[in-house]
Amino acid sequence: MTWAIRSSITARLLELQRHRVQGPERHFELLIVTDALRSLINERAPRSSCAKKAVELGMVTLREDGLRSIFDGDTTIEEVVKYT
């Protein structure tokens, strides 16, 4: 992924965060498909291998994002366990 694309995504996420409407907290996984991941996908590698590589490349899983919210006091353990 080029620096310009990554910068654009980061800028958009920061903009969304600044204009966040008050309401339920939302959590997302964002998988950016790099050449390494694309190769695994094209080789039909097991899901676990693709997930492990994505985390190595910096992807934050839904559960990790939920844990961050627990520590920040934004949600409960029950909510995170229920949806992850």
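Each remark here, short or long, concerns the structure printed above.
The rules we used
- Residues numbered from 1 in each chain as written.
- Predicted model: local features only at pLDDT ≥ 70, side-chain atom pairs only at ≥ 80, totals over all residues.
- Heavy atoms only, no water.
- Salt bridge = Lys/Arg side-chain N within 4 Å of Asp/Glu carboxyl O.
- Helix = DSSP H or I, 4+ residues; strand = E, 2+ residues; numbered from the N terminus.
- Buried < 20%, exposed > 50% of the residue type's maximum accessible area, 1.4 Å probe, protein only.

Peer 1: I'd like a description of the pattern of salt bridges, backed by residues and values.
Peer 2: Between side chains of opposite charge, a pair can form when the charged atoms approach closely. Considering all chains together, one arrives at 4 salt bridges under this definition. Ionic pairing is found between D65 and R68, a salt bridge with its closest N-O pair at 3.0 Å. Taken together, the residues D65 and R68, both in helix 4 (residues 62-72) and 3 residues apart, mark about one turn of the helix. Residue D65 is classed as buried on the basis of its relative accessible area of 13%.

Peer 1: Give a description of the environment of G58 that names residues and reports values.
Peer 2: You can see G58 is positioned in the loop between helix 3 (47-56) and helix 4. Here the alpha-carbon distance between G58 and L31, two residues 27 residues apart in the chain, equals 9.2 Å.

Peer 1: Report on the environment of A51, specifying residues and quantitative values.
Peer 2: Position of A51 relative to the elements: it lies in helix 3. Its relative accessible area of 27% is what places A51 among the partly exposed residues. On a C-alpha basis, the gap between A51 and L37 in space is 9.1 Å, while along the polypeptide they are 14 residues apart.

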